[in-house]
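Descriptive analysis of the structure
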Amino acid sequence: MKKGDVSIYIIMIVIVFMIILLLFFSATVLLINVYIVVYDYKLNLYNLNKNAIMSVNNLKGSYGIYEYDKNEYLSEFKKALIKQYQLNESLENGNKNISKIEILEYEIYEKNDIDSITSKEINNNTIHVVTNIKYRPIIFSFLFKKGIIFKVHNDISIKEYSG
């Protein structure tokens with residue numbers, strides 16, 4: 001081997017290493033971004049349900065009177081969801097990172113019911129929500145043109161946040 005050939009091999013190895021490092025860094029940033037978006041959505045889901053509980057029960061909760069009408073809670077929850085994520089009535093907005101939300105389950109569990117996701121017993125009357133979110137990542141968007149769908153589950157006790 002000539003001295004010039006060794007230099008070319010070293011340059012090629014360095015370039016390949018830099019490309020691998022760049023891909024690894026980009027994948028890490030993608031995973032962190034996805035984690036943050038899903039975690040933030042889960043926190044918002046909790047807060048939106050809390051908002052629905054407070055809206056439906058208004059001042060009645062302070063007297064120990066709680067409404068358990070699933071349709072009322074769902075209506076308030078959808079209104080808040082549409083406002084929070086700037087969605088249309090079918091819970092879609094193709095221009096945002098979270099482009100679609102689908103409500104799979106919205107139930108009011110009573111004490112001693114079994115949660116359909118965790119299979120654990122419910123201690124209080126609880127709003128149980130399971131949604132799919134369609135997320136379009138910023139990084140590697142060419143790989144995820146249709147988006148990534150995440151299933152998010154959240155339970156919130158009705159009495160804990162009323163009044």
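Look a little higher up for the structure.
Notes on the structure follow. (Residues numbered from 1 in each chain as written. Predicted model: local features only at pLDDT ≥ 70, side-chain atom pairs only at ≥ 80, totals over all residues. Heavy atoms only, no water.)

Points about the overall build of the protein chain
- For the protein chain, the count of helices and strands is two helices and three strands.
- Ordered by position from N to C terminus, the α and β elements of the protein chain give α-α-β-β-β.
- Across the 163 residues of the protein chain, 33% fall into the buried class.
- Excluding contacts between residues fewer than 6 apart, the proportion of contacts in the protein chain whose partners are at least 24 apart in sequence is 59%.
- With an accessible surface of roughly 10800 Å², the protein chain has 59% of that area assigned to carbon and sulfur atoms. (Helix = DSSP H or I, 4+ residues; strand = E, 2+ residues; numbered from the N terminus. Buried < 20%, exposed > 50% of the residue type's maximum accessible area, 1.4 Å probe, protein only. Contact = heavy atoms within 4.5 Å. Areas by Shrake-Rupley, 256 points an atom, 1.4 Å probe, with all protein chains shown as cover.)

A short note on unusual backbone geometry
- The backbone phi angle of Gln-86 is positive, close to 50 degrees, even though this residue is not glycine.
- Positionally, Gln-86 belongs in the loop between helix H2 (70-85) and strand S1 (98-109).
- Owing to a relative accessible area of 48%, Gln-86 belongs among the partly exposed residues under this scheme.

Thoughts on the packing of aromatic side chains
- Using the criterion set out here, one finds three aromatic pairs in the structure.
- Taking 5.7 Å as the distance between ring centres and 50 degrees as the angle between the ring planes, the aromatic pair formed by Tyr-41 and Tyr-85 counts as tilted. Taken together, the residues Tyr-41 in helix H1 (residues 3-57) and Tyr-85 in helix H2 connect sequence positions 44 residues apart.
- Tyr-41 gets classed as buried once you look at its relative accessible area, which sits at 0%. (Phe/Tyr/Trp six-rings, centres within 6.5 Å; stacked < 30°, edge-to-face > 60°.)

Description of the side chain of Asp-115
- Tracing the backbone shows Asp-115 in the loop between S1 and strand S2 (126-135).
- Here Asp-115 occupies a buried position and makes no salt bridge, while the nearest side chain of opposite charge, Lys-120, is found at 8.8 Å.
- Here Thr-118 takes part through its backbone nitrogen, which lies 3.4 Å from a polar atom of the side chain of Asp-115.
- What Asp-115 contacts, discounting residues up to four positions off in sequence, is Tyr-109, Lys-120, Ile-122, His-128, His-153 and Asp-155. (Lys, Arg positive; Asp, Glu negative; His and termini not counted. Salt bridge = Lys/Arg side-chain N within 4 Å of Asp/Glu carboxyl O. Polar contact = N/O pair within 3.5 Å; in protein donor to acceptor, adjacent residues only side chain to side chain.)

Observations concerning the sheet that holds strand S3 (residues 148-157)
- If you walk across this open sheet you meet the three strands as S1-S2-S3, and the pairing is antiparallel. Each edge of the open sheet carries a strand with a single partner, namely S1 and S3. This sheet shows a mean twist of 15 degrees between the axes of neighbouring strands, independent of strand direction.
- Here S2 runs beside S3; their pairing, made up of ten bridges, is antiparallel. When the sheet's bridge partners are listed, Val-130 is paired in S3 with His-153.
- This element, H2, spans S1 and S2 of the sheet and lies at about 160 degrees to S1. (Pairing = 2+ DSSP bridges. Axes fitted to C-alpha atoms, helices over the stretch in contact; angles between N-to-C directions.)

Structural notes on the pattern of salt bridges
- All chains considered together, the criterion is met by three salt bridges.
- One salt bridge connects Lys-100 with Glu-92, and the closest N-O pair in it is separated by 3.9 Å.
- Judged by its relative accessible area of 34%, Glu-92 falls in the partly exposed class.

Focus: H2
- For H2, built from 16 residues, the straight-helix expectation of 22 Å at 1.5 Å per residue is met to within 8% by its first-to-last C-alpha distance of 22 Å.
- Listed as buried for H2 are Tyr-73, Leu-74, Phe-77, Ala-80, Leu-81, Ile-82 and Tyr-85. (Expected span 1.5 Å × (residues − 1).)

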